[in-house]
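Here's the letter readout for the chains.
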Amino acid sequence: MEEMEEELKCPVCGSFYREPIILPCSHNICQACARNILVQTPESESPQSRRASGSGVSDYDYLDLDKMSLYSEADSGYGSYGGFASAPTTPCQKSPNGVRVFPPAMPPPATHLSPALASVPRNSCITCPQCHRSLILDDRGLRGFPKNRVLEGVIDRYQQSKAAALKCQLCEKAPKEATVMCEQCDVFYCDPCRLRCHPPRGPLAKHRLVPPAQGRVSRRLSPRKVSTCTDHELENHSMYCVQCKMPVCYQCLEEGKHSSHEVKALGAMWKLHKSQLSQALNGLSDRAKEAKEFLVQLRNMVQQIQENSVEFEACLVAQCDALIDALNRRKAQLLARVNKEHEHKLKVVRDQISHCTVKLRQTTGLMEYCLEVIKENDPSGFLQISDALIRRVHLTEDQWGKGTLTPRMTTDFDLSLDNSPLLQSIHQLDFVQMKASSPVPATPILQLEDCCTHNNSATLSWKQPPLSTVPAEGYILELDDGNGGQFREVYVGKETMCTVDGLHFNSTYNARIKAFNKTGVSQYSKTLVLQTSEGCNFETQSTSYSQLVDIKKLLAVAWFAFDPGSAHSDIIFSNDNLTVTCSSYDDRVVLGKTGFSKGVHYWELTVDRYDNHPDPAFGVARIDVMKDVMLGKDDKAWAMYVDNNRSWFMHNNSHTNRTEGGITKGATIGVLLDFNRKTLTFFINDEQQGPIAFENVEGLFFPAVSLNRNVQVTLHTGLQVPDFYSSRASIA
């Protein structure tokens, strides 16, 4: 059960949860930690003011804070809410596990209540330390969040199973062994902390102190608190609201916000969700079993690679020594190649072992945690967390998809040393395949009638000569860089046709092909010259105002769609890959299929669906951009992210140029990439959004979007640049 321990620790304090509460995003946090990260908001952001203005629709409102205040341009962690005089700027801190949290803005008032139960300042908001969603508390404060009694029960069982010596809960550094426990405070003390924090005088004199072992037993035997409604604290949970996915009481059904919702029996839904979680765990258990077997296979491969390497080196040394002095220099070169291949194979397999071990440990920890949750006999407590657990289990199972449990490297060294050539040919000595030698294949012939270019893509076709008797096992296609530079391999395989995407517009490429088999490679074919289309390319010239040129008449346009091959697995495609959405609540990235490096290019995206005010991002990115975070979080993307009120530009997690004006369903976002001016500009509903977003834009870029399940967009390509931009470029 040790692998489950991370599931039982608070993301803020890094310790086991104490009195955990469940946030609306399904994540947990200690009640005391929740109070420590509260931030006071201005009066205009409070739930009361929102309801008074008619904009509030729920007890808890997700905070539409100024993101330039929450997210610093120089830091990706939390900052303080520093936009108002009533909330002075407070530096953020780091918890033991690295999560940035808000410290209290001022010392709490003196009170006999525990800090977690003391009154919450008016107009407070809290930000989840895991998913970073912010919300404003209502009049109930932290009492409005349900307590996770199931998690408390799992932690109690886990701590009891550890059977470790009880430690003082108030020691600041290395906790000492506890000597007493206060039954009223429910806290373990060492002698120094008891004298300092629990003196035997005043109201504390009536508290009963017992030995730690007896305190643990009393904790274990104390009856579990009855689950009560967060809206009606005197009522117990009795039914389950299907629409809100939460337990409710009879008073909620009679006069509360659930009166018109579909409800079902609490016991029936408890059994149903337990069954669903059990079924999901069965699939995940099979994956974990396969992963364990796969790890055994990988470890065996390490041993086989070691043995094969030793055997291969011994053979190579023996052959090279027989060729005396003339072969010594060549022998060193060949040994270096073998060692490089050896290290490469080991590195690939060890990296895969490390990656698979981490993933398996996380999977096993989640399984053990879910099994402990299933043991709970509290229906309402279980139902509070079951939906989130089921989603996590399915997501983890999907991560063990095709290819994850397949070795990335073979154990064989398919090389052999041929020592038959004469001494005068020693300088040509090289490795050959271990199979019996045979003639190399004939030179392939390019089929010119089937070779063509489209936009910045090139399609080439070839075949073997009609009278060739030596079969080819595959082909190697090479292209230069479009500027007469060196050739590079762009395709290796058995097919006789290949389409190469991502070339430069308005460029001339040289292509050639050769065949290979186990013996060697053929000669190169004749070189084919290919010309890509001009794209949106124009030169800016000095022109008088009376000689304006209609640039739109001079431009060709590029047509492209989204690329399923490079997109995150959570992205959902439709409409011939022109429409995308996402199956996850987290931001995922999808790229366009065409890359640009020259000319002027413009495309648009229409918002087909926009729920719950998310902030999708639009822009351009390198091909190796991170796919599981918002676009612009790393240094491989340049983007504008926008919500329903305003937008920001972001690159390398730096936020700039907040601009008023957001998007809704039906909005159109335009992206203009101008390599002539080296600029990137954004538009919303045919109006430029803010200044020029980015300058000095150079290299190969792909259109990019990041979104979550609350957004769906459709791509429109083959468009001319906006009218006013065309006129401005003509004047320049």
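Just above sits the structure.
Residues numbered from 1 in each chain as written. Predicted model: local features only at pLDDT ≥ 70, side-chain atom pairs only at ≥ 80, totals over all residues. Heavy atoms only, no water.

Undergrad: Mind laying out the nonpolar core, listing which residues take part and the relevant values?
TA: Residues Ile29, Ile126, Leu277 and Tyr369 are the most contacted members of the largest nonpolar core, which totals 70 residues. Counting residues per element, the ones that place at least two in this core are strand 1 (20-22), strand 2 (28-30), helix 1 (31-36), helix 4 (149-162), helix 8 (266-322), helix 9 (328-374) and helix 10 (379-399). The dominant element in this core, judged by the number of residues it contributes, is helix 8, at 18 residues. If near-sequence neighbours (up to four positions away) are discounted, Ile29 is found in contact with Cys10, Val12, Tyr17, Glu19, Pro20, Ile21, Leu23, Ala34, Ile37 and Pro129. Core analysis: the next-biggest nonpolar cluster, separate from the first, contains 38 residues, Trp638, Met640, Val642 and Val705 among them. (Core = buried A, V, L, I, M, F, W, Y, C linked by side-chain atoms within 4.5 Å. Buried < 20%, exposed > 50% of the residue type's maximum accessible area, 1.4 Å probe, protein only. Helix = DSSP H or I, 4+ residues; strand = E, 2+ residues; numbered from the N terminus. Contact = heavy atoms within 4.5 Å.)

Undergrad: So, the state of the cysteines: which residues are in play, and what are the values?
TA: Taken as a whole, this structure holds 0 disulfides when the rule is applied. Cys10 carries a free sulfur, and the closest cysteine sulfur to it, the one in Cys30, is 3.8 Å from it. (Disulfide = S-S within 2.5 Å.)

Undergrad: Which residues make up the pairing of strand 37 (residues 702-707), and what values go with them?
TA: For strand 37, the tally of buried residues reaches 6 of 6 residues, placing the bulk of the element in the interior. Where burial is concerned, the two faces of strand 37 agree: the one with Phe702, Ala704 and Ser706 and the one with Pro703, Val705 and Leu707 are both buried. One ladder, built from 4 bridges, connects strand 27 (residues 588-591) with strand 37; its direction is antiparallel. Paired with Arg588 across the two strands is Leu707, which belongs to strand 37. Relative to strand 37, strand 29 (residues 617-621) runs antiparallel, the two sharing 5 bridges. Paired with Phe618 across the strands is Val705, a residue of strand 37. (Pairing = 2+ DSSP bridges.)

Undergrad: Can you break down the sheet that holds strand 24 (residues 528-531) residue by residue, with the values?
TA: Strand pairing in a sheet is mediated by backbone hydrogen bonds. Such pairs are either parallel or antiparallel. Taken together, the 4 strands give an open sheet; going across it, the order is 21-20-23-24, and neighbouring strands pair in antiparallel fashion. Of all strands in the sheet, those bounded by a partner on one side alone are strand 21 (488-493) and strand 24. With strand direction ignored, the average angle separating the axes of adjacent strands in the sheet is 30°. Two elements, strand 23 (residues 508-516) and strand 24, share 4 bridges in a ladder whose sense is antiparallel. In the strand pairing of strand 24, Tyr509 is matched with Leu530. (Axes fitted to C-alpha atoms, helices over the stretch in contact; angles between N-to-C directions.)

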